[in-house]
Structure formats: C-alpha cells, structure tokens
Amino acid sequence: MDHETPPRFARPDIAGRGDLECLVNAFYAQVRRDELIGFIFTDVAGVDWGTHLPKLYAFWETVLFGGGGYTGNLLGAHARLVPLTTMGPAQFERWISLFNRTVDELFAGPKATHLKAIAGDMANVIHARINGVAQAPFDYGTMERGAE
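### Some remarks on the nonpolar core
Right, so step 1: Within the largest apolar cluster, 35 residues are counted, with the highest numbers of intra-cluster contacts made by Tyr 28, Phe 41, Trp 60, Trp 95, Phe 99 and Leu 115.
Right, so step 2: At the level of secondary structure, the elements contributing two or more residues to this core comprise helix 1 (17-33), helix 2 (38-44), helix 3 (49-65), helix 5 (89-106) and helix 6 (110-130).
Right, so step 3: The greatest single-element share of this core, amounting to eight residues, is contributed by helix 6.
Right, so step 4: Once residues within four sequence positions are removed from consideration, Leu 115 is found in contact with Ile 14, Leu 20, Leu 23, Trp 60, Leu 64, Phe 99 and Val 103.

Here is the structure:
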C-alpha cells in the first residue's frame, strides 16, 4: 500500500473560538515581552488585558468565522496612539511577524493561512490610515510567515 503517514505531531487547523483564544493568548504573551512593541501595549496604551483579550477573541472570531459579536473601533484605537509613540513600518512589521510565527507554531491549514493573510491586510490598512499614507510601505501578504 502506498499511502502517506501523517506527521506524528501535525498541527491542527483553526476550528473555532477556543482555538482563537489559545492563539490570541499565546500571541499577546509574546507581544508583551517584545522589546520593540511590548511597551506600546503595556505603557503607552495601558491595556487592561482582562478586558482587552475577550474583545480580541470576539474580533478574530468575527473576522474568521463571522458571528463573533465584535463591536469596536479598531482604527480609532490605533490612531489615538500615533501622537504618543512611533507606529511606523518597523512596529507593524514586528506585529505581523510575531502573529504569523504564533499561528505557525500552533496551527496549519486553510483557516490558519487565511487568518495570516487577513492579519497582513489589516496591518497594511491600519498602518496606511493612521499614518496618512496612500499605502503602507510593505506588502504584508508576501512577508515571511514561517513554516506552513
């Protein structure tokens, strides 16, 4: 018989809210420790993680699956930080790099790949809009996303 044996530790695809919660928790744990962008969340924005994480779960569930119940002003939340700290290409590049790495560490499959593309597009749009540029200087869709 000629059939492939699946890898012993194959990563699952993102299947629902529980997976998104795991992803968001792991990702923002890395963000908080990051020397380039961590302080933006902790010191500049003063994020209350107990309140913020459930909003992020709802956001990503809405984006990926619909019906997550997210309500908020994503653009406004980022725009208010511009006068307080640098929100330029390096910061967005780091964010998407950490996001893609976290997705790749935990998940693999069509939903995971789609989520990384959505995150890249979103980062591009947010960067361009809050910095008043016609388009962001990076093509986040082609940035290295780690092993897929």
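### A look at the packing of aromatic side chains
Right, so step 1: Evaluated as defined, the whole model comprises ten aromatic pairs.
Right, so step 2: Between Phe 27 and Phe 99, the aromatic rings sit 5.2 Å apart at their centres with planes inclined by 80°, giving edge-to-face as the arrangement. Pair noted here: Phe 27 is in helix 1 and Phe 99 is in helix 5, with a separation of 72 residues, a long-range link.
Right, so step 3: Between Tyr 28 and Trp 49 the ring centres are 5.4 Å apart and the planes differ by 45°, which places this aromatic pair in the tilted class. Remark: Trp 49 occurs in helix 3 and Tyr 28 occurs in helix 1; sequence separation between them is 21 residues. For the pair Tyr 28 and Trp 49, a shared accessibility class is recorded, and that class is buried.
Right, so step 4: Clustering of aromatic rings is evident, with ring pairs tying together Phe 27, Tyr 28, Phe 41, Trp 49, Phe 59, Trp 60, Tyr 70, Trp 95 and Phe 99.
Right, so step 5: Stacked on the ring of Trp 49, the Lys or Arg Arg 32 has its end atom at 4.4 Å from the ring centre.

The rules we used
- Residues numbered from 1 in each chain as written.
- Predicted model: local features only at pLDDT ≥ 70, side-chain atom pairs only at ≥ 80, totals over all residues.
- Heavy atoms only, no water.
- Core = buried A, V, L, I, M, F, W, Y, C linked by side-chain atoms within 4.5 Å.
- Buried < 20%, exposed > 50% of the residue type's maximum accessible area, 1.4 Å probe, protein only.
- Helix = DSSP H or I, 4+ residues; strand = E, 2+ residues; numbered from the N terminus.
- Contact = heavy atoms within 4.5 Å.
- Phe/Tyr/Trp six-rings, centres within 6.5 Å; stacked < 30°, edge-to-face > 60°.
- Lys NZ or Arg CZ within 6 Å of the ring centre and 35° of its normal.

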